[in-house]
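Spelled out, the chains give:
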Amino acid sequence: MPRPSRFNFVNLQSGLGLAIIVLLAVLTSPRSGSGDRIFLEVGNLTDILRQVSEIGIMAVGMTLVILTAGIDLSVGSTLAMATSIAGLTLATWAPATGTAGKILFAVACALAASALAGAVNGFVIANLRIQPFIVTLASMIGIRGLARRLTNNTNIDFGFGSDAGSVFARIGSQKSTVVAAFAIVFIAFSVLLSRTVFGRRVRAIGDNETAAVYAGLPIKRTKIYVYTWCGILAGLAGVLHAAQNHQGNPNAGISYELDAIAAVVIGGTSLAGGKGSMAGTLMGTLIMGILTNMLRLNNVDSNTEMMLKAVIIIAAVWIQQFDTRRFGKRGLR
Amino acid sequence: MRLYWICAALAGLLIGCSKSSAPAGKTYFVAFSQCNNAEPYRSAQNELLTRICSGKPDVKLTITDAQQDNSKQIAQIETLILQKPDLLIVAPNERAPLTAVMGKAMAAGIPTICLERDIAEPNYTTYIACDNRAIGKRAGQFIVDNLAAKYGQPKGKIVELRGLLGVEGEINRYGGAHEVFQQYPDIKVVHEAVADWLQAKGRERMLEILRAQPEIDAVYGHNDPMAVGAYLAAQDLGREKSMFFVGVDGLGGPAGGIKKVMDGILAATFYYPLAVDKAMEIGDRMLRDPSFKPEKKYMLATEIITPENAKQMYDKLTF
């Protein structure tokens with residue numbers, strides 16, 4: 001079983017990648033009227049943190065899933081479902097309680113539905129022994145359908161008046177709320193992964209499932225927990241998405257699963273399972289976020305942006321493979 | 001045993017999904033091939049058409065959803081042709097791919113209405129057209145006029161949030177406005193960003209734009225949600241009062257653009273006609289009066305929605 005260290009060469013490589021991107025962003029940054037580099041303005045840096053938070057939170061859940069050698073393609077749809085449920089609850093379903101009660105009810109409904117979606121994924125993967133790719137591909141389609149069905153294909157806007165929805169949107173769209181949510185999730189799951197029995201089981205399953213079976217580890221239960229957490233975190237990202245956009249949107253989050261997977265992989269977690277870390281995922285998330293910010297501050301054409309991102313993803317993963325090989329680490333599969 | 005359960009479940013599903021129908025007397029079968037249900041504009045179209053048809057007891061309506069997929073829409077229309085509808089309304093997903101199958105419907109003797117988007121050849125009985133180019137021009141002119149009123153001459157800095165690139169609506173809402181902007185050398189589009197028609201992406205792009213552009217006078221979103229997203233970003237930085245926001249679509253209901261004009265978020269939106277009401281008005285005459293010959297093309301006008309007429313339009317377009 002690989003050593004669950006929090007700081008190894010893989011993280012060093014991700015850190016190097018992050019440093020290169022930051023340097024590039026500083027050098028290419030346009031200047032504001034007063035001559036300062038816009039990229040380095042506190043407002044812009046905190047904008048980046050807020051913008052990566054949704055994908056970052058999803059990537060934390062995705063890291064757990066990928067460490068078990070699984071994948072979860074349904075998180076984008078789950079995010080959309082959570083925004084839809086939060087919107088619907090605030091706009092129409094809310095019980096006649098006070099503002100705080102309505103908001104808590106909306107958040108609870110969204111998270112509960114997301115947890116259920118994740119638990120179903122995990123249950124089917126663990127018990128029916130269908131590959132995670134297939135199961136979550138199916139639930140990606142099904143959950144999207146559910147979100148559209150619930151909202152009748154329309155957006156659910158809220159929070160433009162002075163009702164519970166506007167309080168929810170005001171609190172949930174603040175930078176401090178969004179970034180704090182990401183920070184808490186990141187720290188909690190870093191500890192969970194590196195310091196608990198559960199974390200070791202996650203790695204053990206991904207590293208060698210057969211060995212884990214013979215070691216008597218509770219494979220099924222662990223998998224169900226992992227996918228449930230992944231669902232809850234996608235739901236949390238959805239709640240923040242809804243608050244920031246004043247909207248429940250059944251078409252939100254399309255291809256977010258790929259952004260989350262990209263962040264995890266750039267962070268050095270192997271799709272083959274067993275190897276990777278939360279710190280790496282954080283760096284992968286920041287690399288993608290800063291890269292995006294850099295290109296957009298410079299008004300780079302959006303198609304060019306996509307092409308550049310493709311190159312960066314491959315380059316980042318390749319650099320990591322190269323160095324793990326050189327340092328004699330396992331992981332080149 | 002497992003197979004038995006699967007069969008039983010499938011049978012249950014089928015029974016649950018099928019609805020019993022009891023035809024009596026002469027009924028007209030109207031089929032609407034919708035290119036994608038999952039857009040608020042198209043969802044409103046479906047809603048309005050369903051409402052109109054439920055008011056006509058002898059009309060039976062079927063709506064198919066092609067989920068933004070040309071091949072799917074072609075297959076669905078082929079199936080509909082076999083069912084011989086009395087009237088076929090098609091909202092084509094894209095011009096070229098749908099042209100041939102609509103020709104097949106015409107050849108089968110089915111009166112066919114082409115809705116909102118043109119196809120490559122006139123394979124339809126009549127075409128109900130909405131003019132995105134004209135909307136683009138009017139939106140552009142509205143922005144120029146407001147800037148002229150602000151500065152005493154037409155000048156100012158505009159940010160544009162574009163829809164999915166390559167889509168007809170995007171091309172013409174963009175092109176129409178730029179035809180106008182180009183006539184005024186002091187009107188500058190300082191930043192263009194693609195936000196894929198989405199409020200969330202409109203907000204994200206606008207946050208970056210606000211950092212890069214210290215002065216912005218107007219924001220032109222190619223649909224209302226993107227313009228609203230831009231407003232939310234500007235509000236976040238306390239800059240929403242220093243610029244005005246213009247959208248397109250003007251849907252009714254609490255999540256539509258008209259409500260945003262009423263709430264003072266958008267300065268104006270431009271109504272993109274739902275078109276199904278006109279289609280059913282013409283279609284109904286075609287069904288009931290064999291001697292009625294529709295025009296080859298009906299052009300629907302846009303309408304500007306400002307705080308003056310917003311309430312009235314909201315009541316008209318909210319169902």
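Sequence order as written defines residue numbering, which begins from 1 separately in each chain. Lettering of chains starts at A and numbering of ligands starts at 1, both following the order in which they are written. Totals for whole chains, interfaces and linings use all residues, but because this is a predicted model, local features are given only for residues with pLDDT of at least 70 and pairs of side-chain atoms are given and counted only at 80 or more.

**Section: the overall build of chain A**
Short version of the rule: Each helix is a run of H or I in the DSSP string that is no shorter than four residues. Each strand is a run of E no shorter than two, and both are numbered from the N terminus. Only the C-alpha atoms count toward the radius of gyration. The rule for a globule is 2.2 Å times the residue count to the power 0.38. Burial in this document is a count-based property: other C-beta atoms within 10 Å of a residue's C-beta are tallied, and the residue is buried at 20 or more, exposed at 12 or fewer, or partly exposed in between, with C-beta positions derived from the backbone.
The helix and strand inventory of chain A stands at 13 helices and 2 strands. On C-alpha atoms alone, chain A measures out to a radius of gyration of 20 Å, which is about the 20 Å that the 2.2 N^0.38 rule sets for 333 residues. With respect to the principal axes defined by its C-alpha atoms, chain A has extents near 60 × 60 × 35 Å. Residue burial in chain A is summarised as follows: out of 333 residues, 54% are buried.

**Quick word on the overall build of chain B**
Convention followed: Note on contacts: residues are paired as contacts if their backbone-placed C-beta atoms lie within 7 Å.
Per the secondary structure count, chain B includes 11 helices and 12 strands. Based on the C-alpha atoms only, the size of chain B along its principal axes is roughly 65 × 60 × 35 Å. For chain B, the residues scored as buried account for 49% of the 319 residues in total. In chain B, the share of contacts with a sequence separation of at least 24, taken over all contacts with a separation of at least 6, comes to 71%.

**A closer look at the domain arrangement of chain B**
All names here are of chain B. Short version of the rule: For each domain, the first and last residues come from an automatic or database assignment. We call Asp, Glu, Lys and Arg charged. Ala, Val, Leu, Ile, Met, Phe, Trp, Tyr, Cys and Pro are nonpolar, and the rest, Gly among them, are polar.
Parsing chain B into structural domains produces domain 1 (26-124) and domain 2 (132-272 + 307-317). In this assembly, 4 residues from domain 1 lie in contact with 5 residues from domain 2. Grouping the constituent residues of the side of domain 1 that touches domain 2 by class yields 3 nonpolar, no polar and 1 charged.

**Description of helix α12 (residues 278-297) of chain A**
Residues and elements named next belong to chain A. Operational definition: For a helix, the expected span equals 1.5 Å multiplied by the number of residues minus one.
If you check α12, its first and last C-alpha atoms are 28 Å apart, about what 20 residues at 1.5 Å a residue would give, namely 28 Å. Burial analysis of α12 places 20 of its 20 residues in the buried class, the great majority of the element. Just past α12, the residue asparagine 299 takes up positive phi, approximately 55 degrees.

**Here we look at the interface of chain B and chain A**
For interface size, the figure often reported is the accessible area lost on association. Across the contact, 22 residues belong to chain B and 31 residues belong to chain A. Secondary-structure elements contributing two or more residues to the side of chain B that touches chain A are α2 (40-54), β7 (187-194), α7 (199-212) and α8 (224-236) of chain B. Of the residues forming the side of chain B that touches chain A, the biggest block, 8 residues, is contributed by α7 of chain B. Residues belonging to the side of chain B that touches chain A are distributed by class as follows: 12 nonpolar, 5 polar and 5 charged.

**So, unusual backbone geometry**
Residues other than glycine predominantly adopt negative phi, and peptide bonds predominantly adopt the trans conformation. Residues and elements named next belong to chain B. The phi dihedral of glutamine 68 falls on the positive side, at around 60 degrees, and the residue is not glycine. Counting through the fold element by element, glutamine 68 comes out in the loop between β2 (59-65) and α3 (70-82). Judged by the 15 C-beta atoms lying within 10 Å of it, glutamine 68 falls in the partly exposed class.

**Concerning the environment of alanine 138 of chain A**
Mapped onto the elements of the fold, alanine 138 of chain A is located in helix α5 (residues 132-151). When the C-alpha atoms of alanine 138 of chain A and isoleucine 254 of chain A are compared, they prove to be 15 Å apart, with 116 residues separating the residues in sequence.

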